[in-house]
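Here's the letter readout for the chains.
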Amino acid sequence: MNKLGKLVKSVRAFKEGLAQPPAVTPALPRPRFGLAMGGGFARGMAHVGVLKALEDEGIPIDYIAGTSVGAVIAAMYASGVSVKEMTELAALVRFKDFARWTVSRFGFCSNDRMGPFLAKLLPCKTFEELRMPLAVAATDFITGDPVVFQSGSLVDAIRASCAYPGMFLPVNVNGRLLVDGLLAHPVPVVPLRQMGADRVLGVYLSAHWVNVGGPKHVFDVIGQCFSIAQAKMCQLWKGEADLVIEPLVDGIGYDAFERSPELIASGERAAQAVMPELRKWFEAPVAVPAKARASAKFTPATAPVAPAGS
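Residues numbered from 1 in each chain as written. Predicted model: local features only at pLDDT ≥ 70, side-chain atom pairs only at ≥ 80, totals over all residues. Heavy atoms only, no water.

Chemist: A description of the pattern of salt bridges should follow, citing residues and the corresponding values.
Modeler: Within the structure shown, the criterion is met by 11 salt bridges. Linking aspartate 140 and arginine 176 is a salt bridge whose minimum nitrogen-to-oxygen distance equals 2.4 Å. You can see aspartate 140 sitting in strand S5 (residues 134-140) and its partner arginine 176 sitting in strand S9 (residues 176-180), a full 36 residues away along the chain. Among the residues examined, arginine 176 registers a relative accessible area of 33% and is labelled partly exposed. Measuring nitrogen to oxygen at the nearest pair gives 3.0 Å for the salt bridge that ties lysine 238 to glutamate 246. By sharing partners, the salt bridges in this structure join Lys52, Asp56 and Glu268 into a single network. (Salt bridge = Lys/Arg side-chain N within 4 Å of Asp/Glu carboxyl O. Helix = DSSP H or I, 4+ residues; strand = E, 2+ residues; numbered from the N terminus. Buried < 20%, exposed > 50% of the residue type's maximum accessible area, 1.4 Å probe, protein only.)

Next comes the structure, spelled out in C-alpha cells:
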C-alpha cells in the first residue's frame, strides 16, 4: 500500500507539472536603430527615398540625426511629416525659397529666408515636441569643435547646421559662430551612438560638387574643396556605423531641386539594396548592456541662436 501511495503521489505530481505553463525565457529586446543623414543641398532629397524604403519594410527608427539638408529631412520626419508629404514638397522647393543673394564679409548668400521657410515645413517648433529623439549637427567656426543640438528651437539649430561656409552667413550662438555640420559630423553617426542607438545606418551623398567640365564660379571652387575634404574624412565616421549607403547622385547639381523625383528614387534603391542586411539586425537582435550605453558622455547644445551680424 505504501508503494501504491507513493506511485499515486508521483503520478499526481507529474500531472500537475504538465499542467504548469512552461517557463518563458524573456525575449531579447530588438536593437535600437538610428539613422544618420548627411548633407548635399538638393541631393539630400535622396534621404526621402531612404525613409520610404525603411517605412515600406517596417524598419522602426528610434533615433534620427542629420547634418545640413539631412537635418532638415530628419527634423521633418521626427515632426511627423509623412514621406508622401515630403515627396510632394520636394517637387515644389527651389533654391530661392530659402536663400537670397547678398553682399557680406561672411558669405554671398543670406539665410534670412531659412527661418520662415523651415517654420512652414515643421509642425513642431522645438526638439521637445518631436515624436522621436533628434540630433542636429553644426560646427564651431573658431575651434572646429562639433556642436550637437538636441533641445530648444528646431529652426535655430537647423539654420546653424545649414550655414555652408562661403555661401551662407555663419550663425551666432551667444557669441559663438557656427557653420555647417559637415566639418565636424559629415554624417552624424557618433551622436546617434551617444544617444543610445545599438545599430546605425549612415546615408552619405558622395558626389563631387562639380563635374569634369570644371568650376563655373567661386561657389563651385568652394564646394569642390569641401567635397574632397569630406571624402578624405569618411574613415573618421564610417567606422562608427554598422552600415553605410551611398545613393547615386553623381551629375546632379547642388541646386537641382527639380530633379527631386529621381533623387528620391535613387535613395530608395540604395536602401532596398541593403534591406536583407537590415532585416538580420531585427531577426537576431544583440543585447547591449545598459552600462555600455550609459558610458557615452554627451552634452547637447541648447543655447538660442541668432544670425551673425544681427
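Chemist: Talk me through the packing of aromatic side chains; I want residue IDs and the actual numbers.
Modeler: Applying the stated criterion to the full structure yields four aromatic pairs. Aromatic side chains phenylalanine 33 and tryptophan 281 sit 6.0 Å apart centroid to centroid with 55° between the ring planes, which places their arrangement in the tilted category. In this pair, phenylalanine 33 is assigned in strand S1 (residues 33-37) and tryptophan 281 in helix H10 (residues 275-283), connecting sequence segments 248 residues apart. Using a relative accessible area of 0% as the deciding quantity, one classes phenylalanine 33 as buried. A centroid spacing of 5.2 Å and a plane angle of 70° characterise the contact between phenylalanine 41 and tyrosine 164, whose relative ring orientation is edge-to-face. Of this pair, phenylalanine 41 sits in the loop between S1 and helix H2 (46-57) while tyrosine 164 sits in the loop between helix H6 (154-161) and strand S7 (166-168), placing them 123 residues apart in sequence. When sorted by exposure, phenylalanine 41 lands in the same class as tyrosine 164, which is buried. Taken together, the aromatic side chains of Phe33, Trp281 and Phe282 make up a single cluster linked through ring pairs. One residue, arginine 131, lies across the ring of tyrosine 77, its end atom 4.6 Å from the ring centre. (Phe/Tyr/Trp six-rings, centres within 6.5 Å; stacked < 30°, edge-to-face > 60°. Lys NZ or Arg CZ within 6 Å of the ring centre and 35° of its normal.)

Chemist: Report on H10, specifying residues and quantitative values.
Modeler: Residues lying three or four places apart along an α-helix face the same way, a consequence of the helix completing one turn every 3.6 residues. Buried within H10 we find Met275, Leu278 and Trp281. Summarising the axial view, the buried residues of H10 lie within an arc of 110°, below the 170-degree limit, and thus occupy one face. Residues of H10 that are exposed and point over 90 degrees away from its buried face: Lys280 and Glu283. The inward-facing, buried residues of H10 contact S1, H2, strand S10 (199-203), strand S11 (243-245) and helix H9 (260-273). (Arc of directions from axis to C-beta. Contact = heavy atoms within 4.5 Å.)

Chemist: Could you give me a rundown of the nonpolar core, with the residues and numbers involved?
Modeler: By size, the foremost hydrophobic cluster in this structure holds 68 residues, and its most contacted members are Leu35, Ile64, Leu134 and Phe149. Tallying contributions element by element places helix H3 (residues 69-79) first for this core, with nine residues. In contact with leucine 35, not counting residues within four places along its chain, are Val50, Leu51, Leu54, Ile61, Tyr63, Ile64, Ala65, Leu192, Leu201 and Val203. (Core = buried A, V, L, I, M, F, W, Y, C linked by side-chain atoms within 4.5 Å.)

Chemist: How would you sum up the environment of glutamine 150? Please name residues and give values.
Modeler: Here glutamine 150 shows up in the loop between strand S6 (146-149) and H6. When its relative accessible area of 24% is taken as the criterion, glutamine 150 is described as partly exposed. For the pair glutamine 150 and alanine 135, spaced 15 residues apart in sequence, the C-alpha to C-alpha distance is 5.1 Å.

Chemist: Which residues make up the pairing of strand S2 (residues 63-67), and what are the values?
Modeler: Here S2 lies mainly inside the structure; five of its five residues are buried. Residues of S2 alternate between two faces, with Tyr63, Ala65 and Thr67 on one and Ile64 and Gly66 on the opposite face, all of them buried. One ladder, built from four bridges, connects S1 with S2; its direction is parallel. Each bridged residue has a counterpart across the sheet, and for leucine 35 the counterpart in S2 is isoleucine 64. Crossover connection from S1 via H2 to parallel S2: handedness right-handed. For S2 and S5, the ladder comprises four bridges, and the chain directions are parallel. Opposite glycine 66, over in S5, you have valine 136 as the bridge partner. (Pairing = 2+ DSSP bridges. Right-handed = clockwise from strand over helix to strand, strands pointing away.)

These results come straight from atomic positions and should not be treated as a statement about function.
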